[in-house]
Amino acid sequence: MINKTSKESSIKASAEGATKFVDSYYEAINTKRASLENFYDPNASIVWNGNPMTGGAAFSEFFEHMPATHYEVQSYDSQPMLVPGTSGGPCNYMVIVSGSVKYGDSKEQRGFSETFVLKPSSTDPNRYVVATQGFRLVV
Amino acid sequence: MNSTALRPQGSHGGIAKRTGGRTRVDRDGDLDMVGPSGGRGGRGRGSRIRGSRGGAASRGGRSGAGSIIPTGPAANRTDSGQNRGIPARGPRNGAVSVSETLVEVRITGWKESKGSAEEAIAFLERKSRIKLRKTLRQGDTIIAQVAFPKIHSILEWNDAQFASSKLKLAAPSLGRLDVTERSEAVISRANPANKATVDTIQTLEGVLANRYNPESKFLDLSRLGEDVLLKANGFFQLNSTTSKMFPALMQVAEKKFTTAQQKRDTVHSVSLGYNNLKDVRAVSSLSVTFPDLKNLSLEGNSVGDWKALDNWRHRFKNLEQLVLLGNPITSQPGYVEEAYRRYPKLLMLDNVPADPLIRAKIQAETSANNASKPVPTGADGRPILPHKVQPSFIQDDYSVGMKFLSRFFETYDANRTALLHDFYDAESLFSLSVNTSAPRTKEQQNTRQFWDEYIPKSRNLKRVSLRGRVERLAMGPDEISKLWAQLPATKHDLANGDAWSFDIWPVEVTTGVMGMLCTVHAEFQELNEVDGPQKIVRRSFDRSFTLRPDVLGEVKVANDMLVVRAYGGFDSWKPEAPAAAAPASGTAKTGEAGKKEMCERLINQTGLKMEWANMCLEETGWNLENAWKAFLEAKANGAIPPDAYTTTTTNVPTIGTAGTGDGIL
């Protein structure tokens, strides 16, 4: 059983971690694509509009072929991923993002929904990287 | 061009007055540094630091501004008689030099001393080696005049010990700028001579005022290295060069012209001539402060090529005149063409009017570019993205996710409690976030959306405080039940499969524990009890679940995250026709190559082994879409054995502790 104090601290940590991630990730995807790979675990599993990809390098390569994007995050939420019977070490976070995205010269705002699972990086446990990502255009 | 026709130097008004524009120049022709609403009350006459000018100077091409450089190459150059478009430093045709401008200094504190007013003046003159002129006693105050460039030096003697007292010196007429902390920081970096920031601002303010000609709306920032004021104030000591001083100068300018309109109205032309610039990095802030500049001179610098001007690459789009004479760049091949390419409104380059042939060529080039450059768009007019929208991606060997989702949405409308009992344990988490600004269908665009029932529960982290973050996250069946009970009753339409999108694939919940991630996008109707025409509200939602085993190995929800937003329809996840689309008839694609291609696509989508994919396609008459549907159906019914999948897929641990391999279903 996870007690209330550790619940609160993991909730707080996941909210802070998500905020940091969302701020920097969407800035990178809009303006600094070259840095995208740094956000990923090398084995990240990604599903983009039903297309599976593995690893940040693959995603970054895929995004090089993408027209210019302008994402706008309109809401996001995060939760710690709790598993009964596991120790209280740092847990993974789940993040759900809802927003709009414009592609290329188009003025049209598409709606998108994106879900991430963030986990502590294997090289730097203080840094969270994308382990799983699911993206869909929803409007 | 009619508003800012450039005339040869020496004729009336280097740059002709803009007649219709709103100006910010007071009766003396001084730039109003504060703006219409700013308090000018505290500022004495001395603030017009250019001093009085004769009528001749006012009519002349150049007023006193800039005449602080009396001799030297600048003056020679303009005297050489070439008709320059943008005026450079003019001859001293009777204008009063700023070095001759007097600023009032008020000296107090001597009355408390043992000395007299005369002795105090003599003391200050001796110590500072600065002549105090037109001294006048007014009660306890000595009023004296000091040449403007010396003003900061004399003020350093504020608080000086004089005959058992302290002398107080002030120059109230210099005014005091209300500067932001940011500009102070920039300025203090810019001026390592360890002067008080206020002094620095005053200096820069003085520099700007000296170099601004209100009639021609011309800011002359040429030869900054020779600027007496800047030099006198230590700006170019300790290698503090243009790179540090210029941004500070622009910061001060920003404070003076607060609106874009003000900037457009007051400054049409800027010269950065003769500043030894190799590129424009140090002065790039000019394009931020004066983005709508019409005339710009970089004459006599060391700009070698267009790359050196890249900091201004997409700036100054309204530029009508550019002067780069005296820079190596002018001998670069294609120099003229590139200038017209970069500045589409350019009318004159290096004082030569635009060659119509070159302009026509550039225009043709630009329109050709505009025609081909945009991102290619598809039949729907939308930019084509590198991957097409695909049907649901499902990698869910034991149908854990599929079974959960069917059960969840079949039950959710009628019996949320039953779901809590079956799928939620003490560590299960649920939260809701509302995206009130989400894009929506056209029909929804003008309808008012009501979110009252969701907002108090919304955990949109963009908006919710720390307390709400904890309170609005429900943990365990009790809290979740309470939260769900407060949400409007819903009706999910399971019959319309097109309205649903779901992707399911494995996820590591925590180190060593694998689970399933299910992302769902669909819609529901809100069954409101409210009266009126808007009885049934349609909403779109996104809902992501992670499923994990509990201690007994049962499937439980680890995370349940719901996003509610305005109705956005379901066209966006409709699979796009694959590149290797079946013929229009939708029937079999002939040829072995076509079959092979379809087979590969199905393997990609399903993770099936070649033989199974082949079989699936064979049974559905080699129609990829039908094969996909058949696959989903068979899968949902548990009709596809695990060994039908490729090795990579079967290797993915399903729910259950990773490594043990004992799936729970």
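Anything mentioned here points back to the structure above.
This is a predicted model, so every value here is computed, not measured.

Conventions adopted
- Residues numbered from 1 in each chain as written.
- Chains lettered and ligands numbered in written order.
- Predicted model: local features only at pLDDT ≥ 70, side-chain atom pairs only at ≥ 80, totals over all residues.
- Heavy atoms only, no water.
- Helix = DSSP H or I, 4+ residues; strand = E, 2+ residues; numbered from the N terminus.
- Buried < 20%, exposed > 50% of the residue type's maximum accessible area, 1.4 Å probe, protein only.
- Contact = heavy atoms within 4.5 Å.
- Areas by Shrake-Rupley, 256 points an atom, 1.4 Å probe, with all protein chains shown as cover.
- Buried area = accessible area lost by both parts, 1.4 Å probe.
- Salt bridge = Lys/Arg side-chain N within 4 Å of Asp/Glu carboxyl O.
- Polar contact = N/O pair within 3.5 Å; in protein donor to acceptor, adjacent residues only side chain to side chain.
- Nonpolar A, V, L, I, M, F, W, Y, C, P; charged D, E, K, R; others polar.
- Pairing = 2+ DSSP bridges.
- Axes fitted to C-alpha atoms, helices over the stretch in contact; angles between N-to-C directions.
- Expected span 1.5 Å × (residues − 1).
- Arc of directions from axis to C-beta.
- Core = buried A, V, L, I, M, F, W, Y, C linked by side-chain atoms within 4.5 Å.
- Domains from an automatic or database assignment.
- Phe/Tyr/Trp six-rings, centres within 6.5 Å; stacked < 30°, edge-to-face > 60°.
- Lys NZ or Arg CZ within 6 Å of the ring centre and 35° of its normal.
- Parallel < 35°, antiparallel > 145°, perpendicular 65-115°, else oblique.
- Left-handed = near helix turned anticlockwise from the far one by under 90°.

For the rest of this paragraph, the subject is the overall build of chain A. What chain A contains, in helices and strands, is 2 helices and 6 strands. For chain A, the succession of helices and strands along the chain, N to C, is α-β-β-α-β-β-β-β. The 139 residues of chain A split such that 60% are buried. In chain A, 52% of the contacts between residues at least 6 apart in sequence involve partners at least 24 apart.

As a further point, take the overall build of chain B. Secondary structure assignment for chain B yields 20 helices and 21 strands. Within chain B, the fraction of its 665 residues that count as buried is 51%. Considering only contacts within chain B whose residues lie at least 6 apart along the sequence, 68% involve residues at least 24 apart. Surface exposure of chain B reaches about 30,700 Å², of which carbon and sulfur atoms provide 51%.

Another aspect to go through is the interface of chain B and chain A. Contacts between the two partners involve 67 residues from chain B and, on the opposite side, 59 residues from chain A. Surface buried jointly by chain B and chain A totals about 5,400 Å² across both partners, of which 63% is contributed by carbon and sulfur atoms. Among the residues chain B hides against chain A, the three largest losses belong to Glu427, Pro439 and Met561 of chain B. Together they make up 12% of the total. There are 4 salt bridges connecting chain B and chain A. Among the ionic pairs, Arg136 of chain A bridges to Asp503 of chain B, the shortest N-O distance being 2.9 Å. Inspection of the chain B/chain A interface yields 29 residue pairs in polar contact (both at pLDDT 80 or more). For the side of chain B that touches chain A, the element with the highest residue contribution is strand S17 (residues 501-510) of chain B, accounting for 8 residues. Residues of the side of chain B that touches chain A, tallied by class, amount to 33 nonpolar, 19 polar and 15 charged.

Now for the sheet that holds strand S2 (residues 133-138) of chain B. Consider a sheet: its strands pair through backbone hydrogen bonds, and that pairing is either parallel or antiparallel. Residue and element names in this part refer to chain B. Read from one edge to the other, the open sheet built from 4 strands follows the order S2-S3-S1-S6, with strand pairing classed as antiparallel. At either end of the open sheet lies a strand with only one pairing partner, and these are S2 and strand S6 (168-170). Adjacent strand axes in the sheet meet at a mean angle of 25°, parallel and antiparallel pairs treated alike. Across 4 bridges, the pairing between S2 and strand S3 (residues 141-147) is antiparallel.

The next point concerns helix H17 (residues 592-606) of chain B. With 15 residues, H17 of chain B extends 21 Å between its outermost C-alpha atoms, agreeing within 8% with the 21 Å of an ideal straight helix rising 1.5 Å per residue. Just downstream of H17 of chain B, Gly607 of chain B is the residue with a positive phi angle, here 80°.

Right, let's talk about the pattern of salt bridges for a bit. One pass over the structure, following the stated rule, counts 24 salt bridges over all chains. Put simply, Lys119 of chain A and Asp41 of chain A hold a salt bridge, and the shortest N to O gap is 3.6 Å. Of the two residues, Lys119 of chain A is situated in strand S5 (residues 110-120) and Asp41 of chain A in strand S1 (residues 40-48); the sequence distance between them amounts to 78 residues. Asp41 of chain A sits in the buried class, given a relative accessible area of 9%. In this structure, Asp422 of chain B and Arg407 of chain B form a salt bridge, with 2.0 Å as the shortest nitrogen-oxygen distance. Of this pair, Asp422 of chain B sits in helix H14 (residues 416-423) while Arg407 of chain B sits in helix H13 (residues 400-412); the two residues are 15 residues apart in sequence, bridging distant segments of the chain.

Now for unusual backbone geometry. All names here are of chain B. For Tyr274, which is not a glycine, the phi torsion comes out positive at approximately 55°. With respect to the secondary-structure elements, Tyr274 resides in the loop between strand S9 (269-271) and helix H10 (286-289). Within the chain, Asn351 stands out as a residue other than glycine whose phi angle is a positive 65°. Looking at the secondary structure, you find Asn351 in the loop between strand S12 (348-349) and strand S13 (352-353). For Asn351, a relative accessible area of 19% puts it in the buried group.

Residues and elements named next belong to chain B. Within the open sheet, the 7 strands sit side by side as S7-S8-S9-S10-S11-S12-S13. Their pairing is mixed. With partners counted over all chains shown, the strands left at the sheet margins are strand S7 (212-213) and S13, one partner each. As judged from the 3 bridges shared by strand S10 (residues 295-297) and strand S11 (residues 321-323), these two strands associate in the parallel manner. Paired with Leu296 across the two strands is Leu322, which belongs to S11.

Next up on the list: helix H3 (residues 117-128) of chain B. Residues and elements named next belong to chain B. Spanning 12 residues, H3 covers 16 Å between terminal C-alpha atoms, matching the ideal 16 Å at 1.5 Å per step. For H3, the set of buried residues is Ala117, Ala120, Ile121, Phe123, Leu124 and Ser128. In a view along the axis of H3, the buried residues occupy a sector of 160°, so they form one face of it. Facing away from the buried side of H3 by more than 90 degrees, the exposed set consists of Glu118 and Arg126. Lining the buried residues of H3 we find strand S1 (102-108), S2, S3, helix H4 (151-155), strand S4 (161-162) and S6. Of the residues trailing H3, Arg129 is marked for its positive phi of about 55°.

With that settled, consider the nonpolar core. Residue and element names in this part refer to chain B. Core analysis: the biggest nonpolar cluster contains 71 residues, and Leu221, Leu272, Leu286 and Trp312 have the highest contact counts within it. The leading source of residues in this core is helix H8 (residues 242-256), at 7 residues. Counting contributing residues, this core receives three or more from each of domain 1 (102-170) and domain 2 (195-368). Residue contacts for Leu286: discarding those within four places in its chain leaves Phe246, Met250, Val270, Leu272, Pro291, Leu293, Leu296, Trp312 and Phe316. Counting residues in hydrophobic clusters, the runner-up holds 55 residues, among them Tyr424, Ala474, Ile504 and Phe545.

Time to look at the packing of aromatic side chains. Enumeration according to the criterion identifies 40 aromatic pairs over all chains in this entry. Consider the rings of Tyr71 of chain A and Phe135 of chain A, whose centres lie 6.3 Å apart with planes at 70°: the pair is edge-to-face. Remark: Phe135 of chain A occurs in strand S6 (residues 128-137) and Tyr71 of chain A occurs in strand S3 (residues 69-80); sequence separation between them is 64 residues. Just as Tyr71 of chain A is buried, Phe135 of chain A falls in that class too. Measuring from ring centre to ring centre gives 5.9 Å for Trp306 of chain B and Tyr335 of chain B, while their planes differ by 25°; the resulting arrangement is stacked. Of this pair, Trp306 of chain B sits in the loop between S10 and S11 while Tyr335 of chain B sits in helix H11 (residues 335-342); the two residues are 29 residues apart in sequence, bridging distant segments of the chain. The ring of Trp451 of chain B has Arg539 of chain B sitting right over it, with the charged end atom 4.3 Å from the ring centre.

It is worth spelling out the packing of H14 of chain B against helix H16 (residues 476-486) of chain B at this point. Packed helices, taken two at a time, are described by the angle between their axes plus the distance between the axes. All names here are of chain B. Orientation of H14 relative to H16, taken along the N-to-C sense of each, is 160°, at an axis distance of 10 Å. By the angle between their directions, the pair H14 and H16 is classed as roughly antiparallel. Both H14 and H16 take part in a crossing whose hand is right-handed. Side by side, H14 and H16 meet where Arg416, Leu419 and Leu420 of the first sit next to Pro477, Ile480, Ser481 and Trp484 of the second.

Attention now goes to the pairing of strand S2 (residues 51-54) of chain A. Consecutive residues of a regular strand have side chains that alternate between opposite faces of the sheet. Residues and elements named next belong to chain A. Of the two faces of S2, the one lined by Asn51 and Met53 is fully buried and the one lined by Pro52 and Thr54 carries no buried residue. Relative to S2, S1 runs antiparallel, the two sharing 4 bridges. What sits directly across from Ser45, in S2, is Thr54.

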